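# Structure at a glance
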Amino acid sequence: MNASVVGEGRAHAKSILCGEHAVVYGAPAVAIPMRQVSVTVWARRSGEPGGQVSLVNVAPGQANTADRRADEAPAAARLWDRSREADSGLHDLVAAFFRTTGITACGIDLSVDCAIPPGRGMGSSAACGRAVVLALASLFGRIVDADTVFDLVQTAERVAHGSPSGVDTVATGSPVPIWFQSGVTKELSVGLDGVFVIADSGVPGETKAAVDMLRARFEADPASRTRFLRRSSVITASAVEDLTLGRAGDLGRRLTENHELLSEFGLSTAELDRLLAAALDAGCLGGKLSGGGLGGCVVVLADSPEHAERATAALRTAGATATWSVPTGRFAN
Ligand SMILES: Nc1ncnc2c1ncn2[C@@H]1O[C@H](COP(=O)(O)OP(=O)(O)O)[C@@H](O)[C@H]1O
Ligand SMILES: C[C@@](O)(CCOP(=O)(O)O)CC(=O)O
């Protein structure tokens, strides 16, 4: 690979099907890709001194239009969300990139077109981090192996989350559903015929706040931690079988069971519960909050495109600000 004037990197959103939070403590989780919602980053050398990074957000949605050549990066049209910049970890990530690769640090301009809403359990922070690493690698003409990408993205995730499990870091770059535990990833083959519908409650959740809240609860009551991890692990193990063997009804029940567990530990909200009730009334097989919780999204399972459409309409009526459909047929490699 040769160095270029503009480097481009892309990553997508994800939804956690089961095991969130437990995965932070070494239990397994399963996540599916949402490839239609993505972030693209363009990296250029700037005239600023070594290691200085400036960030701009470009008009939303451009990442999801026609393929663009690297030298056609659009002009910056909107400012990066400054209120969130400090905790994005992207400055640390760029510094870590130079340290790890041994490339002499220079000023970097990053243009970020992020269609993934932040704080919705869709992995915006990990996807932004992954896209930055890939953009820098392409700018400097380096091939960066998967383990190094993982470590670099985790540098930014540590700033955004505190103690990230790494499931978002892997899932935002995988085209297929993954099982993840303590840094080990397995790609899952899916025998299920159905449609996952993801719905945004419109309320931002704070993953870090949710993780901190659960940790405080576990410290106050260590037995509750054991109970939470056991139940989550059992649900995830069954969900993997249901997903691979195509047992849609069983998988739906697991999702709902996982929601009840997360809810029992204070991670749901009235808005998320209302969305789930509406989807179940509309004939969904089950569903749950997805990601950090305390806001963000739900993921529900419908057994056909027709049921998914009905669920989508019900979710919108119940207040969802956005919905996405992920048919399981899309997971073919
Ligand atoms: N478009 C954006 N502008 C600024 N910061 C962003 C943007 N997208 C993501 N981020 C960073 O990611 C964080 C959200 O990450 P997190 O709370 O983990 O939610 P998510 O569930 O989306 O991963 C933000 O606080 C910010 O640091
Ligand atoms: C709650 C957690 O399990 C998943 C967080 O997902 P998100 O950042 O809210 O998309 C945290 C983690 O795995 O590090």
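Residues numbered from 1 in each chain as written. Chains lettered and ligands numbered in written order. Predicted model: local features only at pLDDT ≥ 70, side-chain atom pairs only at ≥ 80, totals over all residues. Heavy atoms only, no water.

## What to know about the confidence of the model for the protein chain
Looking at the protein chain as a whole, the pLDDT averages 89, with 89% of positions reaching at least 70. A low-confidence stretch, residues 60-80 stays under pLDDT 50, and its non-local contacts, those more than four residues away or across chains, total 46 contacts. Reported for the predicted complex are a pTM of 0.91 and an ipTM of 0.93. (pLDDT = per-residue confidence, 0-100. Contact = heavy atoms within 4.5 Å.)

## Notes on the UniProt feature "domain: GHMP kinase C-terminal" (unreviewed entry) in the protein chain
The sites that carry the UniProt feature "domain: GHMP kinase C-terminal" (unreviewed entry) are, in the present numbering, residues 240-319. Between the C-alpha atoms that bound residues 240-319 the distance is 30 Å, and the span itself is 60% helix and 14% strand. (UniProt positions renumbered as here; feature names shortened; annotations may be inferred. Helix = DSSP H or I, 4+ residues; strand = E, 2+ residues; numbered from the N terminus.)

## Points about the side chain of D168
With respect to the secondary-structure elements, D168 resides in helix 5 (residues 167-171). In this structure the side chain of D168 is engaged in a polar contact, spanning 3.0 Å, whose partner is the side chain of K14. (Polar contact = N/O pair within 3.5 Å; in protein donor to acceptor, adjacent residues only side chain to side chain.)

## Remarks on the environment of A320
Mapped onto the secondary structure, A320 falls in the loop between helix 10 (305-317) and strand 11 (322-327). Linking A320 and V203, residues 117 residues apart in sequence, is a C-alpha distance of 9.6 Å. When sequence neighbours within four positions are dropped, the list of residues in contact with A320 reads A199, D200, L275 and L315.

## A closer look at the pattern of salt bridges
Under the counting rule described, the total for this entry stands at 11 salt bridges. In this structure, D212 and K208 form a salt bridge, with 3.5 Å as the shortest nitrogen-oxygen distance. Placement of the pair is D212 and K208 together in helix 6 (residues 207-220), with a separation of 4 residues, close to one helical turn. Looking at D212, the relative accessible area reads 35%, which means it is partly exposed. We note a salt bridge from E241 to R247, for which the minimum N-O separation is 3.2 Å. Salt bridges here are not isolated pairs; linked through shared partners, they connect E241, D242, R247, D250, R253 and R254. (Salt bridge = Lys/Arg side-chain N within 4 Å of Asp/Glu carboxyl O. Buried < 20%, exposed > 50% of the residue type's maximum accessible area, 1.4 Å probe, protein only.)

## Comments concerning the site of ligand 2
Near ligand 2 you find 17 residues, and of these K14, H21, S165, D168 and T207 are the closest. S165 has a polar side-chain atom sitting 2.5 Å from an oxygen atom of ligand 2. If ligand 2 stood free it would expose 390 Å²; the protein chains cover 97% of that surface. Breaking the shell around ligand 2 down by element, the ones donating at least two residues are strand 1 (7-18) and helix 5. Partitioning the shell around ligand 2 into residue classes produces 6 nonpolar, 8 polar and 3 charged. The two domains that each donate at least three residues to the shell around ligand 2 are domain 1 (7-181) and domain 2 (190-332). (Near = heavy atom within 4 Å. Areas by Shrake-Rupley, 256 points an atom, 1.4 Å probe, with all protein chains shown as cover. Nonpolar A, V, L, I, M, F, W, Y, C, P; charged D, E, K, R; others polar. Domains from an automatic or database assignment.)

## Some details on the UniProt feature "domain: GHMP kinase N-terminal" (unreviewed entry) in the protein chain
Listed under "domain: GHMP kinase N-terminal" (unreviewed entry) in the UniProt record, and renumbered for this structure, are residues 94-171. In residues 94-171, the share of helix is 58% and the share of strand is 9%. The end C-alpha atoms are 21 Å apart.

## Points about the domain arrangement of the protein chain
Domain assignment breaks the protein chain into domain 1 (7-181) and domain 2 (190-332). Across the boundary between the two partners, domain 1 contributes 33 residues, which contact 43 residues of domain 2. Roughly 3000 Å² is buried in total at the junction of domain 1 and domain 2, and carbon and sulfur atoms are behind 63% of that figure. The largest share of the area that domain 1 buries against domain 2 comes from H21, Y25 and R120, three residues that together contribute 25% of it. Inspection of the domain 1/domain 2 interface yields 2 salt bridges. Here domain 1 and domain 2 share 14 residue pairs in polar contact (both at pLDDT 80 or more) between them. Of all the secondary structure elements, the ones that give two or more residues to the side of domain 1 that touches domain 2 are strand 1, strand 2 (29-45) and helix 4 (146-161). Ranked by residues supplied to the side of domain 1 that touches domain 2, first place goes to strand 2 with 7 residues. Looking at the side of domain 1 that touches domain 2 residue by residue, the class counts come to 21 nonpolar, 9 polar and 3 charged. (Buried area = accessible area lost by both parts, 1.4 Å probe.)

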